[in-house]
Amino acid sequence: MVSIIIGIIIIIILSAISTIFSNSRIKGYIGEKTITNILGKTLHGQKYIINDLLFIDKSGHSCQIDHICINKHGIWVIETKNFGGKIFGSKYQKEWVQKFPHSKKNNNFYNPILQNKTHILRLSEYLNICDIFVNIVVFTNRADISKISAPNVIYPSKLKAVLCQSTGKNLSLNEMEHYYNKLLDLKNKKQITKDKHI
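Worth saying up front: this structure is predicted, and the values here are computed from it rather than measured.

Attention shifts here to the sheet that holds strand β8 (residues 143-149). If you trace the four strands from one edge of the open sheet to the other, you get β6-β5-β4-β8, paired in mixed fashion. Two strands lie at the open edges of the sheet, namely β6 (107-110) and β8, each paired on one side alone. Within this sheet the neighbouring strands show an average axis-to-axis angle of 25 degrees, counted without direction. Examined bridge by bridge, strand β4 (residues 85-90) and strand β5 (residues 95-99) share three bridges and lie antiparallel to one another. When the sheet's bridge partners are listed, Ile87 is paired in β5 with Gln98.

So, in structure tokens, the structure goes:
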């Protein structure tokens, strides 16, 4: 009798764990936390990090940006995807496809490069600048991204090296700190909660 009760308890616990980790919001959080850890903290004079920037743009639309890294090479806007399966897509394709090996069902999702392009447009309007942004999409290791034909779609292990690459842009210390402080002010305004963001 005791072994049956223990078995039932184990099944309930495993079921609860499975439900939690299949939740897309939890998966997103885990993916974003992975990139947050890789980016580390702001090091004044070298890099300025803002995670989970949520704000209302001039048109009244909500915008959530996973990560921003400001360094001398520009403002890197990073979209994180914690997806499994094989991902198919190209730079200008509106929807990308997620396929699983033993399933006939495919999952279509909005191209994260285009999604991040919208984020960059909204940042550009807010900061009143352009041509210093770099669009980066990071898929966690759960995904096979070998079928993606687009630049700057990478795994977390490549992120630090990519952020050190020359972009042809050269921000001064004053510019880096100015943009960082403006975005930090925007983050601290807390205009909207995640629950209200669509």
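Here the narrative resumes, following the displayed structure.
Quick look at helix α3 (residues 112-127) now. In an α-helix, one turn spans 3.6 residues, which is why side chains three or four residues apart end up on the same side. With 16 residues, α3 extends 22 Å between its outermost C-alpha atoms, agreeing within 8% with the 22 Å of an ideal straight helix rising 1.5 Å per residue. Of the residues making up α3, those classed as buried are Pro112, Ile113, Leu114, Asn116, His119, Ile120, Arg122, Leu123, Ser124 and Leu127. The backbone nitrogen of Ile113 has a side-chain oxygen 2.7 Å away, supplied by the residue at the start of α3, namely Asn111.

Another point: unusual backbone geometry. Backbone geometry places Asp52, a non-glycine residue, at a positive phi of 55 degrees. Within the secondary structure, Asp52 sits in strand β1 (residues 48-56). Phi angles above zero are rare outside glycine, and Asn152 is one such case at about 60 degrees. Relative to the helices and strands, Asn152 is located in the loop between β8 and β9 (153-154). Using a relative accessible area of 31% as the deciding quantity, one classes Asn152 as partly exposed.

Two pairing modes exist for strands in a sheet, parallel and antiparallel, and in both the strands are linked by backbone hydrogen bonds. Spatially, the five strands line up as an open sheet ordered β1-β2-β3-β7-β9, and their pairing is mixed. A strand with exactly one partner marks an edge of an open sheet, and here the two such strands are β1 and β9. One ladder, built from five bridges, connects strand β2 (residues 62-71) with strand β3 (residues 74-81); its direction is antiparallel. Pairing of Ile70 across the sheet is with Ile75, part of β3.

Attention now goes to the packing of aromatic side chains. Within the structure shown, the criterion is met by five aromatic pairs. Pairing Phe83 with Phe139 gives two aromatic rings, centres 6.1 Å apart and planes at 70 degrees, and the pair type is edge-to-face. Taken as a pair, Phe83 in the loop between β3 and β4 and Phe139 in strand β7 (residues 133-139) lie far apart in primary sequence, 56 residues in all. Between Trp96 and Phe109, the aromatic rings sit 6.3 Å apart at their centres with planes inclined by 75 degrees, giving edge-to-face as the arrangement. In this pair, Trp96 sits in strand β5 while Phe109 sits in strand β6, placing the two residues 13 residues apart along the sequence. Across the pair, Phe109 and Trp96 agree in class, each one buried. Grouped by ring-pair contacts, the aromatic residues Phe83, Trp96, Phe109 and Phe139 constitute a single cluster. Directly above the ring of Phe88 sits Lys99, whose terminal nitrogen or CZ lies 4.9 Å from the centroid. Above the ring of Tyr126, the side-chain terminus of Lys182 is found at 5.2 Å from the ring centroid.

The nonpolar side chains of a soluble globular protein tend to be buried, and buried together. Of all hydrophobic cores here, the largest spans 22 residues; its most connected members are Leu53, Ile68, Ile70, Ile75, Leu123 and Phe133. Every element with two or more residues in this core is listed here: β1, β2, β3, α3 and α5 (173-189). A per-element tally of this core places α5 first, with five residues. When neighbours within four sequence positions are excluded, Ile70 is seen to be in contact with Gln46, Lys47, Tyr48, Ile75, Leu171, Met176, Tyr179, Tyr180 and Leu183. With 13 residues, the next largest nonpolar core counts Ile35, Cys69, Ile136 and Val138 among its residues.

Cut-offs used in this document
- Residues numbered from 1 in each chain as written.
- Predicted model: local features only at pLDDT ≥ 70, side-chain atom pairs only at ≥ 80, totals over all residues.
- Heavy atoms only, no water.
- Pairing = 2+ DSSP bridges.
- Helix = DSSP H or I, 4+ residues; strand = E, 2+ residues; numbered from the N terminus.
- Axes fitted to C-alpha atoms, helices over the stretch in contact; angles between N-to-C directions.
- Expected span 1.5 Å × (residues − 1).
- Buried < 20%, exposed > 50% of the residue type's maximum accessible area, 1.4 Å probe, protein only.
- Polar contact = N/O pair within 3.5 Å; in protein donor to acceptor, adjacent residues only side chain to side chain.
- Phe/Tyr/Trp six-rings, centres within 6.5 Å; stacked < 30°, edge-to-face > 60°.
- Lys NZ or Arg CZ within 6 Å of the ring centre and 35° of its normal.
- Core = buried A, V, L, I, M, F, W, Y, C linked by side-chain atoms within 4.5 Å.
- Contact = heavy atoms within 4.5 Å.

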